[in-house]
Amino acid sequence: MHIPDNYLSPSTCGVFTAIMIPIWYYSIKKVKEELPKNKLPLIGVGAAFSFLLMMFNLPIPGGTTAHAVGGTLVAILLGPYAACIAISVALLIQAVIFGDGGIISFAVNCFNMAFLLPFSGYYIFRLIKNILPTSLGEKTAIVIGSYIGINIAAFAAAVEFGIQPLLFTDAAGHALYCPYPISVAVPAMMLAHLLVAGVAEAIFTLAIYEFIVKVSPGIIHNGQKIKTNPVFVLMIVLVIASPLGLLADGTAWGEWGADEIAGDTSLGTVLGYIPDKIANGFNYHALLPDYTMTGMPDIIGYILSAVIGTAALIIIFKLIGSHNDTNKAV
Amino acid sequence: MIQIKPSDDHSGKLLTNMPAWLGDNDDYQPVNDNENFLSKTILSVITKLTALRENSTAHTDVFFTASFKIFLTILLILFISLSHQLLFLSIVLSGFLIYLCSLTGCTILRILKPAAFAALFSLLIILPAALFERSSFFLLPFKVFLTTGAVTALALSTPFYSITKALGGLHIPGLFIMILDLTVKYIVLLGHTAQELLTALHLRSVGKNHQKYQSLGNILGMTFIKSQEYALATHDAMLCRCFTGEYHISQQHHMEIRYIVYVMIIIILSSIYFFTEGYL
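Residues numbered from 1 in each chain as written. Chains lettered and ligands numbered in written order. Predicted model: local features only at pLDDT ≥ 70, side-chain atom pairs only at ≥ 80, totals over all residues.

**Student:** Before we go on, may I ask you to explain the interface of chain B and chain A in this structure?
**Tutor:** Many authors give the size of an interface as the accessible area that is lost as the parts come together. Taken residue by residue, the interface counts 16 residues in chain B and 14 residues in chain A. If you list the elements that add at least two residues to the side of chain B that touches chain A, you get α5 (86-101) and α6 (105-126) of chain B. Tallied by class, the residues present in the side of chain B that touches chain A amount to 11 nonpolar, 5 polar and no charged. (Contact = placed C-beta atoms within 7 Å. Helix = DSSP H or I, 4+ residues; strand = E, 2+ residues; numbered from the N terminus. Nonpolar A, V, L, I, M, F, W, Y, C, P; charged D, E, K, R; others polar.)

Pasting the structure below:
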């Protein structure tokens, strides 16, 4: 679901940046007002979880891959506004350090995964939980909320892909950006997310939520003790297991490199050309492209990337937390 | 402001005995002066002193001795400097980040600030090289970031007195340790003196001071004179206590489990270095 650069026109990205800026501003305001100060570093833990979940690529029939996001999980644990910030920062680190998701299309990815996903997932969860206020009802709410949340995000991404060939083509009729119309993009994206990524998201969300309720209820309910050690143990387990994401060796739909797209057969036949802007557009060299490092086995590169990304997220939110404390003290 | 009103006969008599200027209204209004210079200097001195004082009371890790930490840091700096591969540096970076995760936000900031500034500075210096060599020009700032980070982390996690003690144990020349030891102690002592002088100046300043730089010079000059006095006093104290400048650390090493852990850590670090650099 990470839309790379040059798949969307700069104007599309501009529109989404304009939409996201007030959302970020309002989210930061709400988090400052509502989230207790001792929970601020937990946004980093939430972001780290989301970062790790996005590294678990799952194979999809047809040779592509998809992944869970964990947006609903963070929204249920810390509120949708905190989730919006957490996932935005996780996406920023992925884009800047690991080249996963574009720099220009960063706001679009944030709109899909950091706004639509956690907010829709969270409010669906709340709605169902209010209708069925039992333990089973809560579990059902988590599963349905997270499943629908990720699918809404995937649908939005598909529509964003799909409108590109309608709006931007060259004289020869070839698409300048993403070449697939809505009729191709929506089924391709939705199939992957309805069948695989959505199920994975629901399972991950429920399992991690249940684990956290058991070991550290303070994260969810105010006034109880927050134990972070078991959460960190879970995180280490996820880091070590992250190379499982390498088992699915295809590229996610819509995340191909310029060299892969010409041979893609989503339209039924081979596309046969590289859209102009994808071949000659904005090119950003990430520090650790695709979570790998040159000259080392992919598995070690993947684990190191997971460690660096996770630790960086926790550190960033610890720094923000301490900055807020000193501001308050002054 | 003094105001005397000749309201009745009794006070009127009094007034006749007083000089005329005493009866005038005192309408002295001190000109507002910008005292940013004073308050900022005092604040920065206090901040530095607090940091040093916090350091002197920093909790000592029971498990990792200061000697081991110094040895590990030196070894790490050596390996980072000699490394040609991004892989080794990335492994060190991930270890460093994990360590940072276990600290509080304030401590992380105090470690990252100097490291980031040093890295930025070296990046500026090496920037012209980017025109010719695009692939590996960022290795140097990366290395600077890691080494500065490692040294700052060592300084923040270990009190100065245990660093000097550990240096004595590592057979570093006594003169070197003494200078280091005295420097650190004197920074605190002279910082205190300067802070007191600044506070005194602050309290006695009324109206506009046109000679701010002269005041600063006076304070620094006074601090210097005080430092001479302290130095003489320290010398006398050293003579009285028969201190010759040699640091004798009695070392009684018994075999402990933690030494095995130390050796393991060093072996693992060395093998990662030699393996990633292709020597193994």
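Past the structure itself, the notes keep going.
**Student:** Looking at this structure, I do not really get helix α5 (residues 106-131) of chain A. What am I missing?
**Tutor:** Each full turn of the α-helix corresponds to 3.6 residues, which orients residues three or four apart in the same direction. With 26 residues, α5(A) should reach 38 Å at 1.5 Å per residue; the first-to-last C-alpha distance of 36 Å fits that figure. Burial analysis of α5(A) places 19 of its 26 residues in the buried class, the great majority of the element. (Expected span 1.5 Å × (residues − 1). Buried ≥ 20, exposed ≤ 12 C-beta atoms within 10 Å, placed from the backbone.)

**Student:** What should I look at first to understand the domain arrangement of chain B in this one?
**Tutor:** For chain B, the domain assignment lists domain 1 (64-158 + 252-280) and domain 2 (170-249). Using only C-alpha atoms to locate each centre, domain 1 of chain B and domain 2 of chain B end up separated by 33 Å. (Domains from an automatic or database assignment.)

**Student:** What is the right way to read the confidence of the model for chain A from this model?
**Tutor:** Regions with low pLDDT should not have their predicted coordinates read in detail. On average, chain A scores 83 in pLDDT, and the residues at 70 or more come to 90%. Least confident of the elements in chain A is helix α10 (residues 258-261) of chain A, whose mean pLDDT is 68; most confident is α5(A), at 93. (pLDDT = per-residue confidence, 0-100.)

**Student:** Before we go on, may I ask you to explain the nonpolar core in this structure?
**Tutor:** One recurring pattern in soluble globular proteins: nonpolar side chains tend to sit buried together. Membership of the largest hydrophobic core comes to 135 residues, with the highest contact counts inside it found for Ala47(A), Leu52(A), Val74(A), Ala86(A), Ile87(A) and Leu313(A). Considering every element that reaches this core, the biggest residue donor is α5(A), with 14 residues. If we skip the residues at most four places from it in the chain, Val74(A) touches Gly46(A), Phe49(A), Ser50(A), Ala82(A), Ala83(A), Ala86(A), Ile87(A) and Pro118(A). One finds Ala166(B), Leu167(B), Ile177(B) and Tyr247(B) within the second-largest nonpolar core, a separate group that totals 7 residues. (Core = buried A, V, L, I, M, F, W, Y, C linked by C-beta atoms within 7 Å.)

**Student:** Any chance you could explain α6(B) here in plain terms?
**Tutor:** With 22 residues, α6(B) should reach 32 Å at 1.5 Å per residue; the first-to-last C-alpha distance of 31 Å fits that figure. Along α6(B), the positions that sit buried rather than exposed are Gly105(B), Ile108(B), Ile111(B), Ala115(B) and Ala119(B).

**Student:** What is the right way to look at the packing of helix α6 (residues 135-162) of chain A against helix α8 (residues 182-215) of chain A in this model?
**Tutor:** The relative placement of two packed helices is expressed as an angle between their axes plus a distance between the axes. All names here are of chain A. In the contact formed by α6 and α8, the axes pass within 8 Å of each other and the chain directions differ by 155°. When the interaxial angle is binned, α6 and α8 end up roughly antiparallel. At the point where α6 passes α8, the crossing takes the right-handed sense. Classifying every residue of the contact of α6 with α8 gives 20 nonpolar, 6 polar and 2 charged. (Axes fitted to C-alpha atoms, helices over the stretch in contact; angles between N-to-C directions. Parallel < 35°, antiparallel > 145°, perpendicular 65-115°, else oblique. Left-handed = near helix turned anticlockwise from the far one by under 90°.)

**Student:** I'm lost on the packing of helix α2 (residues 40-55) of chain A against helix α3 (residues 71-78) of chain A in this one. Help?
**Tutor:** All names here are of chain A. Close contact between α2 and α3 brings their axes to 9 Å; oriented N to C, the two are set at 165°. Between α2 and α3, the interaxial angle falls into the category roughly antiparallel. Crossing hand, α2 versus α3: right-handed. Contact with α2, carried on its side by Leu42, Ile43, Gly46, Phe49 and Ser50, involves Gly71, Leu73, Val74, Leu77 and Leu78 of α3 and no other residues of that element.

**Student:** Is there a simple way to think about the confidence of the model for chain B in this case?
**Tutor:** Per-chain confidence: chain B averages 80 in pLDDT, with 86% of residues scoring 70 or above. Under the prediction, the complex receives an ipTM of 0.75, its pTM being 0.76.

**Student:** When you look at the environment of Met178(B) in this model, what are you seeing that I'm missing?
**Tutor:** Residue and element names in this part refer to chain B. Structurally, methionine 178 is set in helix α9 (residues 174-204). The exposure class of methionine 178 is partly exposed, given the 17 C-beta atoms found within 10 Å. Once the C-alpha coordinates of methionine 178 and glycine 245 are considered, the two residues, 67 residues apart in sequence, prove to be 6.6 Å apart.

**Student:** Any chance you could explain the environment of Gly71(A) here in plain terms?
**Tutor:** All names here are of chain A. Along the chain, the position of glycine 71 falls in helix α3. By the C-beta count within 10 Å, which is 35 here, glycine 71 ends up buried. Along the primary structure glycine 71 and phenylalanine 56 are separated by 15 residues, whereas in three dimensions their C-alpha atoms are 14 Å apart. With sequence-adjacent residues up to four places away left out, glycine 71 is seen in contact with Ser50, Ala83, Ile87, Met113, Leu117, Pro118, Gly121 and Gly149.

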